[in-house]
Amino acid sequence: MLDYRYIKENLESVVENVKRRKVKADPLLVVRLYDERNDHLHRIEELRKKRNENASKMKVKLPDKERKLLVEEGKRLKESIATEEEVLFEIERKLYEEALKIPNMTHPEAPVGEGEGDNVEIKRWGEIPSFSFKPKDHVQIGKELDLVDFDTATKVSGQKFYYLKNEAVILELALVRYALDILSGEGFTVTITPDIAKDEIAQGIGFNPRGEESNIYRIEGTDTCLVGTAEITLGGYYSKEILDPSTLPIKMAGLSHCFRREAGAAGQFSKGLYRVHQFTKVEMFIYCHPSKSDEMHKYLLDIEEKVFQGLGIAYRIVDTCTGELGGPAYRKFDIEAWMPGRGENGDWGEVTSASNCTDYQARRLGVRFKENGKRRFVHMLNGTAIAVSRALLALLENYQREDGSVGIPEALIPYTGFSEIGHSRS
RNA sequence: GGAGAGAUGACCGAGAGGCCGAAGGUGCACGCUUGGAAAGCGUGUGUACUCCAACAGGGUACCGCGGGUUCGAAUCCCGCUCUCUCCGCCA
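Colleague: Which residues make up the environment of Glu53, and what are the values?
Modeller: Note that Glu53 resides in helix α3 (residues 27–56). Taking relative accessible area as the criterion, Glu53 reaches 42% and is therefore assigned partly exposed. Taking the C-alpha atoms as reference points, Glu53 and Gly74, 21 residues apart in sequence, are found 9.6 Å from one another.

Encoded structure:
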């Protein structure tokens, strides 16, 4: 969330930003509630001051009559404090609720725009493969090679679930190892995180577990939810802590399952493994000094490129436009890999995303560091190292061969132990 | 899951309704002392919000968290969380 005072002092640019990001939020209302809250708070503080003064007069022995008067006065003060406090709590609740709706500010270089079409492609890498035959999509490949079983998963778990089978299982593990090794090499602390997190942490990261259109599965009878990404558990790692600035940047990687409700998401462009309720992902997370977050953002993107270059899959990088940015992001770069089976003749499909969330998450989660005696919020960034289901999809579609087999990129063979997936399986 | 013990400032540790934002110690900072260091001595040392021109001064809140009792709560009552020990159960 943004700082209340920041909103008040920069109202014009906050309003403009909300408009650009196509978010339903009302900064004016927030400022009004903030002022109202402060007025009430002052009034209450005055009353408390009187109460404290009144009480200290009774520290000494007093004649009964005098004491009785003071007690009466104290009772009166107590009552007015209680009524004022009730009003205050209601205002604060509303203020918080409204403030949560206000998105992060936006990087001055982020493209301004409404929708996907306004995202700006800033780089392309690799050759889009050309096939001497009509390439299949991964659903068909997965079925023919007995690698992915959607039908049984639908019976057992519901729509948009899948069983990985045979080489696809090894491939998932290989992709995970491949990514983790790269990250270890980059000095990241690798972790396997819990797949469940408290609602308050998820909310601090910017997910709303309770909203009607929430993408998050909540766990009945608890204040917890299934994580939609390890960003939640990695971002929560240092919540409410004051970090030693000499430890920054802190670079962490987390392997977790990701659970998403994806209500209403359907259709040609989200079929198969592209949009599922559960997948495995290695996520990168960085806590850094505010002056370093732009640099760290580029760094995350570099690693993501390295991962996909190693896999030999053509991709492009997209600078996400204002209308498409999620609430916490100050700026976001996506990598879209070429997916030959997507749409009629192949298409780009998002495989990673790297966001600089500046202090937006840190403020709610209370992640700070001390500098010159002052406490400041760190900047927090996250990026996908490998989202297995989509990487797997891209791999199957890009490395398919005319005879129906699928090749394995050089970089993965040490992890898979096989160099192709064919029809014959012993 | 059951039983018991506990949760106080950077840390250790007093506290038992008003004199407690909190003794004492350690640590840390500054100063004195010293040829230099150690020791010793002195002073200072939480956070958030807020008033104010103010890094001067004031106010409010904070003794795990949330409620309650009271004119007044770190201190009493209730609920919760966490930690430790023992038992149970397991991968």
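Colleague: Requested: an account of the nonpolar core, with residues and values cited.
Modeller: Core analysis: the largest hydrophobic core is formed by 62 residues, its most contacted members being Phe188, Val282, Phe308, Leu311, Ile386 and Leu412. Tallying contributions element by element places helix α7 (residues 167–185) first for this core, with ten residues. Not counting residues within four places of it along the chain, the set of residues in contact with Phe308 comprises Trp125, Ile313, Tyr315, Ala337, Val351, Thr352 and Ala391. The next biggest cluster of nonpolar side chains, apart from the first, holds 23 residues, and it includes Val227, Leu243, Tyr287 and Val378.

Colleague: For the pattern of salt bridges, give the residues involved together with the corresponding values.
Modeller: Scanning the entire structure with this criterion turns up 27 salt bridges. Between Lys101 and Glu98 there is a salt bridge, with the nearest N and O atoms lying 3.2 Å from each other. Note on Lys101: relative accessible area 37%, which makes it partly exposed. Taken together, the salt bridges that share partners define one network made up of Glu121, Arg124, Arg316 and Glu336.

Colleague: How would you summarise the sheet that holds strand β8 (residues 250–259) if you had to cite specific residues and measurements?
Modeller: Taken in spatial order, the eight strands make up an open sheet running β1-β10-β11-β12-β15-β9-β8-β4, and their pairing is mixed. The strands lining the two open edges of the sheet, one partner per strand, are β1 (120–125) and β4 (189–192). Strand-to-strand, the axes of this sheet are offset by a mean angle of 25 degrees, without reference to chain direction. One ladder, built from ten bridges, connects β8 with strand β9 (residues 278–288); its direction is antiparallel. The residue of β9 that forms the bridge with Ser256 is Lys281.

What counts, and at which threshold
- Residues numbered from 1 in each chain as written.
- Chains lettered and ligands numbered in written order.
- Predicted model: local features only at pLDDT ≥ 70, side-chain atom pairs only at ≥ 80, totals over all residues.
- Heavy atoms only, no water.
- Helix = DSSP H or I, 4+ residues; strand = E, 2+ residues; numbered from the N terminus.
- Buried < 20%, exposed > 50% of the residue type's maximum accessible area, 1.4 Å probe, protein only.
- Core = buried A, V, L, I, M, F, W, Y, C linked by side-chain atoms within 4.5 Å.
- Contact = heavy atoms within 4.5 Å.
- Salt bridge = Lys/Arg side-chain N within 4 Å of Asp/Glu carboxyl O.
- Pairing = 2+ DSSP bridges.
- Axes fitted to C-alpha atoms, helices over the stretch in contact; angles between N-to-C directions.

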